[in-house]
Each structure stands twice: as C-alpha cells, then as structure tokens.
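Coordinate inspection notes
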Amino acid sequence: MPIAQIIVAPRIVAALATDADKIMNSLKLALVEGLSTDERLVQITITAALCAPVGCEILCLVHHRAAEGRTEAVRAATAQNLHNLLHESLNGTVRVRLIAVDQSQIAAFDSQETL
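In this text the structure is predicted, and so the values were computed from the model without any measurement. (Residues numbered from 1 in each chain as written. Predicted model: local features only at pLDDT ≥ 70, side-chain atom pairs only at ≥ 80, totals over all residues. Heavy atoms only, no water.)

1. A word on the overall build of the protein
Across its full length, the protein holds three helices and four strands. Ordered by position from the N terminus, the helices and strands of the protein form the series β-α-α-β-β-α-β. Taken over C-alpha atoms, the radius of gyration comes to 14 Å for the protein, in line with the 13 Å a tight globule of 115 residues would show. The principal-axis extents of the C-alpha atoms in the protein amount to approximately 40 × 35 × 25 Å. Split into buried and exposed, the 115 residues of the protein put 29% on the buried side. Taking the intrachain contacts of the protein between residues at least 6 apart in sequence as the baseline, contacts between residues at least 24 apart amount to 81%. A total accessible area of about 7100 Å² is found for the protein, and carbon and sulfur atoms account for 53% of it. One way to put it: in the protein the 9 positive side-chain charges average out to a point 4 Å from where the 12 negative ones average out. (Helix = DSSP H or I, 4+ residues; strand = E, 2+ residues; numbered from the N terminus. Rg over C-alpha atoms; globule rule 2.2 N^0.38 Å. Buried < 20%, exposed > 50% of the residue type's maximum accessible area, 1.4 Å probe, protein only. Contact = heavy atoms within 4.5 Å. Areas by Shrake-Rupley, 256 points an atom, 1.4 Å probe, with all protein chains shown as cover. Lys, Arg positive; Asp, Glu negative; His and termini not counted. Charge placed at Lys NZ, Arg CZ, Asp CG, Glu CD.)

Here you go:
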C-alpha cells in the first residue's frame, strides 16, 4: 500500500515531462523492492507546485503500512534510494519522508479493477 506523493517546483516540471515514464517506472521499482510490496498496491502521484516551495524543490512523501520487515534500516535505505533517483533524474534539491502507519490505523478501499 505504499502511496508516494511527489510535489515538484515549477522549474522542475519540464525535466520531469521529458522522462516521466522512466522516472515513474524507477520510482515504482524502488518502492516495490525497497518495501517488499506487490507492485499492484503501489500508488504514485507527481504534481507541480504552483509556486517555488519553501525548503527543497522536490518533496517525496511515502505513506506505507508498518511491518516488522520494514525496519528502520530498510526504510532509510529506501528513502536514500528515492532521494538519489529524484535528485539524479531531476537535478533539484530533494526531501524524502517515509511514514509508517500501523495497520490498525488504516481504513482503505480501492476500485476492484485496480487489483
């Protein structure tokens, strides 16, 4: 259930549009491999900020189900991988946050055609 929300500064949009499919595939692979999840459960959205953000030019927030196998070291490695991927692909400053949510705190429902 990893859900990645990535917000990019306006100056990054053109670079993103050029390689969007490649970047999305790389992000998906990083989440699937890093968090050991089913690729059908990954949700990624990339949106453009309307103005230059305060802080880093690229913000990547990933909410995921907490699990014993997703240790602090696993999450840190995944965050580093996502950071490097976004930084190298888009040539901007990047902030990544992985946020683990206890399963008992999650209510979810997906369209069945997505599974």
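2. A closer look at the pairing of strand 1 (residues 3–8)
Alternating positions in strand 1 separate cleanly, Ala4, Ile6 and Val8 being buried on one face and Ile3, Gln5 and Ile7 remaining unburied on the opposite face. Pairing of strand 1 with strand 2 (residues 43–48), which is carried by six bridges, proceeds in the parallel orientation. Across the sheet, residue glutamine 5 finds its bridge partner in strand 2, namely threonine 45. (Pairing = 2+ DSSP bridges.)

3. Brief notes about helix 3 (residues 72–90)
The terminal C-alpha atoms of helix 3 lie 27 Å apart, and with 19 residues this matches the ideal 27 Å at 1.5 Å per residue to within 8%. Every buried residue of helix 3 is accounted for by Thr78, Ala79, Leu82, Leu85, Leu86 and Leu90. Considered in projection along helix 3, the buried side chains sweep an arc of 130° and stay on one side of the axis. Facing away from the buried surface of helix 3 by more than 90 degrees, the exposed residues are Glu72, Ala73 and Glu88. In the core, the buried residues of helix 3 are packed alongside strand 1, helix 1 (13–18), helix 2 (20–35), strand 3 (58–65) and strand 4 (94–101). In the segment just after helix 3, asparagine 91 is the residue with positive phi, at about 55°. (Expected span 1.5 Å × (residues − 1). Arc of directions from axis to C-beta.)

4. So, the side chain of histidine 64
Within the secondary structure, histidine 64 is located in strand 3. Exposure remark for histidine 64: the relative accessible area of 0% places this residue in the buried category. When near neighbours in sequence (up to four residues on either side) are disregarded, histidine 64 contacts Met1, Pro2, Leu35, Arg70, Arg75, Leu98, Ile99, Ala100 and Val101.

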